[in-house]
Amino acid sequence: MSVRVERDADVERLARSLSEHEVRDFDLVIVLGSGLGSFAERLTAARRIPYAELDGMPASRVVGHAGELVIGELGRRRVLVQRGRVHLYEGWSAREVTRAVRAFCRAGAKAVVLTNAAGGLRREWPAGTLMRIRDHLALQGRAAVGAHERGATRVWDEELGRALELGARDAGVALESGVYAALPGPSYETPAEIRWLTDCGADAVGMSTALEAVAARAAGARVCGISLVTNQAAGIAPHALSHDEVVAAGAAASERFGAVLERAVPRLREVLAARA
Ligand code: HPA
């Protein structure tokens, strides 16, 4: 098997391009998953930078991933929002999938909030359920970073996770907690795979996030995240799944999702300030 090792120079190139576009002075990054991009509209004093303008930024071709950075403020707090990510199943390497998050860490990010659309494995969770990611199962068969680099274990930060829960409470929105299983995709799972994932301890399943989480952690940032359960997983839902359903469920839940994240930002900031 040949392993394509991307030079860190590519991360440096993107970090330099961020600086040239004056994407700086942020310590909190929010990565928005499929169908969740409308959250970026909550930012004030916002400036948008299409990925195409950034040297070295991989850009997705998946519907629902707009492909722009938005730097702005939430409650007078500066945040960087990544609206759209690239996936392994589009043919990108693990290095490329994690390049943006590594460049953000190089540019000063102290914490990364990763969000995604996911299938739900719990029968009691209807579509639209929000789940704080407590931990993950990395089942994509790819490594984000070199062997034994810092951050391989204890990726998901308990303190930041609690801040998300406080944000949800402030917003009056229910937030479950669970384990996210990351699979390569792009096909959805079979009912047998979902039964197996349930036995493995997974609560939700998707095709992103785990590599970025490990890479951000290895780069020294703290990591937390939320899955939006856009559908019940195969064999739990009575009907076949489609990408359109995932995008539509994201749109339907975007108000609650946005309210939780917006309220969580000051809580996350408190946690970061306590350690600064
Ligand atoms: N499986 C995998 N990824 C997903 C799903 C699913 O059911 N829903 C949204 N992303």
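Residues numbered from 1 in each chain as written. Predicted model: local features only at pLDDT ≥ 70, side-chain atom pairs only at ≥ 80, totals over all residues. Heavy atoms only, no water.

## Digging into the confidence of the model for the protein
This prediction gives the protein a mean pLDDT of 90; 92% of its residues lie at or above 70. Across residues 1-6, confidence stays below pLDDT 50; counting only partners more than four residues off in sequence or on other chains, it has six contacts. (pLDDT = per-residue confidence, 0-100. Contact = heavy atoms within 4.5 Å.)

## Some thoughts on the site of the ligand
Every residue near the ligand is listed here: Ala117, Ala118, Gly119, Tyr188, Glu189, Val205, Gly206, Met207, Thr230, Asn231, Leu241 and Val246. Contacts to the ligand include Ala117, whose backbone N or O atom sits 3.4 Å from a nitrogen atom. Take Asn231: an N or O atom from its side chain is 2.7 Å from a nitrogen atom of the ligand. Starting from 260 Å² of accessible surface for the ligand in isolation, the protein chains cover 96%. Of all the elements in the fold, those that place two or more residues in the shell around the ligand are strand E5 (111-120), strand E8 (204-206) and strand E9 (222-232). It is E5 that provides the largest number of residues to the shell around the ligand, a total of three residues. In the shell around the ligand, the residues fall into seven nonpolar, four polar and one charged. (Near = heavy atom within 4 Å. Polar contact = N/O pair within 3.5 Å; in protein donor to acceptor, adjacent residues only side chain to side chain. Areas by Shrake-Rupley, 256 points an atom, 1.4 Å probe, with all protein chains shown as cover. Helix = DSSP H or I, 4+ residues; strand = E, 2+ residues; numbered from the N terminus. Nonpolar A, V, L, I, M, F, W, Y, C, P; charged D, E, K, R; others polar.)

## Considering the pattern of salt bridges
For the coordinates displayed, the defined rule picks out 22 salt bridges. The shortest N-O distance in the salt bridge between Asp55 and Arg13 comes to 2.8 Å. Of this pair, Asp55 sits in the loop between strand E2 (44-50) and strand E3 (68-74) while Arg13 is found in helix H1 (residues 9-20), placing the two residues 42 residues apart along the sequence. Among the residues examined, Arg13 registers a relative accessible area of 29% and is labelled partly exposed. Here Glu68 ties to Arg48 by a salt bridge, and the two come within 2.5 Å at their closest N and O atoms. Separated by 20 residues along the polypeptide, Glu68 in strand E3 and Arg48 in strand E2 bring together distant segments of the chain. Here the residues in one salt-bridge network are Asp10, Arg13, Asp55 and Arg99, joined through shared partners. (Salt bridge = Lys/Arg side-chain N within 4 Å of Asp/Glu carboxyl O. Buried < 20%, exposed > 50% of the residue type's maximum accessible area, 1.4 Å probe, protein only.)

## Notes on helix H7 (residues 243-275)
In a regular helix each residue adds 1.5 Å, so 33 residues correspond to 48 Å; H7 covers only 41 Å between its end C-alpha atoms and thus falls short of that length. At Ala253, H7 shows its maximal kink, close to 55 degrees. (Expected span 1.5 Å × (residues − 1). Bend = angle between axes of the 7 residues up to and from the residue.)

## So, the environment of Met131
Assignment of secondary structure puts Met131 in strand E6 (residues 130-138). Among the residues examined, Met131 registers a relative accessible area of 0% and is labelled buried. Spatially, the C-alpha atom of Met131 lies 8.4 Å from that of Ala204, the residues being 73 residues apart in sequence.

## Comments concerning the packing of H1 against helix H3 (residues 99-106)
Running from amino to carboxyl end, H1 crosses H3 at an angle of 60 degrees, the nearest separation of the two axes being 8 Å. In this view, H1 runs oblique relative to H3, as classed from their interaxial angle. Crossing of H1 over H3 shows right-handed handedness. Across from Asp10, Val11, Glu12, Arg13, Leu14, Ala15 and Leu18 in H1, the residues of H3 making contact are Arg99, Ala100, Arg102, Ala103, Phe104 and Arg106. When grouped by side-chain class, the residues that make up the contact of H1 with H3 number seven nonpolar, no polar and six charged. (Axes fitted to C-alpha atoms, helices over the stretch in contact; angles between N-to-C directions. Parallel < 35°, antiparallel > 145°, perpendicular 65-115°, else oblique. Left-handed = near helix turned anticlockwise from the far one by under 90°.)

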